Amino acid sequence: MLGNVAKMLGSSGLCVTQSVLLQSSRNTFVLKRRFPPNLYKKNQKPGKLRGRHFVYDLVEDTTIKKKPNLEVVLTAFVEGVGSKGDVVSLKPNEAYNKLLLPGLAVYKTPENVAKYATEKDEKETEVHSSAYAQRTVNKLESLILAVVMNKDHPWVIEPWHIKLSLRKAGYYVPDSAIALPDTPITGPDLLKQNKEFYCTVTINNLEQARVRCRIHHWSTEPSDRLPYVFEHWKLDAEPLFGEGSPAKA
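Residues numbered from 1 in each chain as written. Predicted model: local features only at pLDDT ≥ 70, side-chain atom pairs only at ≥ 80, totals over all residues. Heavy atoms only, no water.

Under an unreviewed UniProt entry, the protein chain has the name Large ribosomal subunit protein bL9m and belongs to Anopheles merus. UniProt's Subcellular location (unreviewed entry) comment on the protein chain is quoted here verbatim: "Mitochondrion". One UniProt comment on the protein chain, placed under Sequence similarities (unreviewed entry), says "Belongs to the bacterial ribosomal protein bL9 family." (UniProt positions renumbered as here; feature names shortened; annotations may be inferred.)

Quick look at the structure:
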């Protein structure tokens, strides 16, 4: 009977060995003895180490150590980063995934700095005034600007009205950078309530953003105010001058 059991165990797959994939990991731990052993003289036999001598304190763990920034040279304009030939310093993951892998940058070496350096003539014809100008254009063009005008007194919309409305929205723009439509916009006129028109904002005397503006009438007398519309910027609005009304550059 014992022989049969031995045969069954031998024929079974209980002792089958499986291959294990071992992959090395580049981890470094710096340790320090909590109780260092006593020093001994030259040619003297070292003393026996005790259990307390094998108690260590962790000094540094490279797995949680912050990696230094990586310097790369841009090979093309990257919004929010820089222009061609600029040397930028970014976190390693961001530099690898957003710049090096797509081919928008190369490692910083003297050869690459000289190769991708932007020439003076190229800077003069560059279409971006700064790394963040295009981002500002995108923000302004996605904005629906509420231009609040007086309901009780006559007015004509001027650049400083748009300037104050932009300031309320968190943008500081000088009057000289704002261009209104050629046709004057006058009021008060309730037929123009919540209607849209475009104005042009020039950034750094180069980029231009077309900002959507909506007229809203406001009265200092609470009894004369128009009913409040909840989240009015999400509603559709009619154009004031027809679709695609131009604004002066």
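A.B. asks: Just checking my understanding: could you explain the environment of Val 81 for this structure?
C.D. replies: Inspection of the secondary structure assignment puts Val 81 in the loop between β3 (70-74) and β4 (87-90). Ignoring anything within four residues of it in the chain, the contact list for Val 81 reads Leu 74, Val 88 and Ala 131. (Helix = DSSP H or I, 4+ residues; strand = E, 2+ residues; numbered from the N terminus. Contact = heavy atoms within 4.5 Å.)

A.B. asks: I tried to follow the pairing of strand β11 (residues 207-218) on my own but got confused; where do I start?
C.D. replies: The side chains of a regular strand alternate between both faces of the sheet. Here 7 bridges tie strand β6 (residues 144-150) to β11, and the two strands are oriented parallel to one another. For Ala 146, the partnering residue across the bridge sits in β11 and is Arg 214. Counted along the chain from strand β10 (residues 196-203) to the antiparallel partner β11, the turn is 3 residues long, and its residue Asn 204 has a positive phi close to 55°. (Pairing = 2+ DSSP bridges.)

A.B. asks: In this structure, what is going on with the sheet that holds strand β5 (residues 105-107)? I would like to understand it.
C.D. replies: Within a sheet, each strand pairs with its neighbour through backbone hydrogen bonds, oriented either parallel or antiparallel. Pairing within the open sheet is antiparallel, and its 3 strands lie in the order β4-β3-β5. The outermost strands of the open sheet, each flanked by one partner alone, are β4 and β5. Averaged over all pairs of adjacent strands, the angle between their axes in this sheet comes to 45°, without regard to strand direction. Note that β3 and β4 share 4 bridges and pair antiparallel. Opposite Glu 71, over in β4, you have Ser 89 as the bridge partner. Here helix α2 (residues 92-100) sits on the sheet and contacts β3, β4 and β5; the angle it forms with β3, its principal contact strand, is near 20°. (Axes fitted to C-alpha atoms, helices over the stretch in contact; angles between N-to-C directions.)

A.B. asks: Before we go on, may I ask you to explain the nonpolar core in this structure?
C.D. replies: Generally speaking, nonpolar side chains in soluble globular proteins are found buried as a group. Counting 24 residues, the largest nonpolar core has Leu 145, Val 147, Ile 157, Ile 162, Leu 166, Phe 197 and Cys 213 as its most contacted members. For this core, the secondary structure elements donating two or more residues are α5 (133-141), β6, α6 (159-168), β10 and β11. The residues touching Val 147, leaving out its near neighbours within four places in the chain, are Ile 157, Ile 162, Ser 165, Phe 197, Cys 213, Arg 214, Ile 215 and His 216. Counting residues in hydrophobic clusters, the runner-up holds 10 residues, among them Leu 70, Leu 90, Ala 95 and Leu 99. (Core = buried A, V, L, I, M, F, W, Y, C linked by side-chain atoms within 4.5 Å. Buried < 20%, exposed > 50% of the residue type's maximum accessible area, 1.4 Å probe, protein only.)

A.B. asks: So what exactly am I meant to see when it comes to unusual backbone geometry here?
C.D. replies: In terms of backbone geometry, most residues other than glycine have negative phi values and most peptide bonds are trans. Residue Gly 187 is joined to Pro 188 through a cis peptide bond whose omega torsion reads 10°. Position of Pro 188 among the secondary structure elements: in the loop between β9 (186-187) and β10. Residues other than glycine seldom take positive phi values, yet Asn 194 does so here, at roughly 65°. Relative to the assigned elements, Asn 194 resides in the loop between β9 and β10. Positive phi values are uncommon outside glycine, yet Glu 231 reaches one of about 50°.

A.B. asks: Looking at this structure, I do not really get the confidence of the model for the protein chain. What am I missing?
C.D. replies: Should pLDDT be low for a region, the predicted coordinates there are not to be read in detail. On average, the protein chain scores 83 in pLDDT, and the residues at 70 or more come to 83%. The low-confidence segment residues 245-249 (pLDDT under 50) makes 16 contacts with residues lying over four places distant or belonging to another chain. (pLDDT = per-residue confidence, 0-100.)

A.B. asks: Would you take a moment to explain a nonpolar patch on the surface for this structure?
C.D. replies: Together, Phe 29, Leu 31, Leu 49, Phe 54, Tyr 56 and Leu 58 line one region of the surface with nonpolar side chains, adding up to about 610 Å² of accessible area. Contributing elements (two or more residues each) for the nonpolar patch: β1 (29-33) and β2 (56-61). In this structure, Leu 58 sits in strand β2. Leu 58 gets classed as exposed once you look at its relative accessible area, which sits at 54%. (Patch = residues over 30% accessible without salt bridge, like charges linked within 9 Å, V, L, I, M, F, W, Y side chains within 5 Å. Areas by Shrake-Rupley, 256 points an atom, 1.4 Å probe, with all protein chains shown as cover. Salt bridge = Lys/Arg side-chain N within 4 Å of Asp/Glu carboxyl O.)

A.B. asks: Looking at this structure, how should I read the packing of aromatic side chains?
C.D. replies: Note on aromatic pairs: each is described by the distance of the centres and the angle between the planes. Tallied over the full model, the rule gives 0 aromatic pairs. Directly above the ring of Phe 54 sits Arg 33, whose terminal nitrogen or CZ lies 6.0 Å from the centroid. Its end group placed over the ring of Tyr 198, Arg 210 keeps NZ or CZ at 4.0 Å from the ring centre. (Phe/Tyr/Trp six-rings, centres within 6.5 Å; stacked < 30°, edge-to-face > 60°. Lys NZ or Arg CZ within 6 Å of the ring centre and 35° of its normal.)

A.B. asks: I would appreciate a short explanation of the sheet that holds β11 in the present structure.
C.D. replies: One open sheet holds the 4 strands; their spatial order is β6-β11-β10-β8, and the pairing between them is mixed. Taken across any chain shown, the strands that pair with only one partner, and hence form the sheet edges, are β6 and β8 (178-179). The strands touched by α6 are β6, β8, β10 and β11; relative to β6, the strand with the most contacts, the crossing angle is about 120°.

A.B. asks: Is there a simple way to think about α6 in this case?
C.D. replies: The α-helix advances 3.6 residues per turn, and as a result positions three or four apart in sequence lie on the same side. Buried within α6 are the following residues: His 161, Ile 162, Ser 165 and Leu 166. An end-on view of α6 places all buried positions within 135° of arc, on one side of the element. If you follow the buried residues of α6, they end up packed against α5, β6, β7 (155-156), β8, β10 and β11. Immediately beyond the C-terminal end of α6, within one or two residues, lies Gly 170, with a positive phi of roughly 100°. (Arc of directions from axis to C-beta.)

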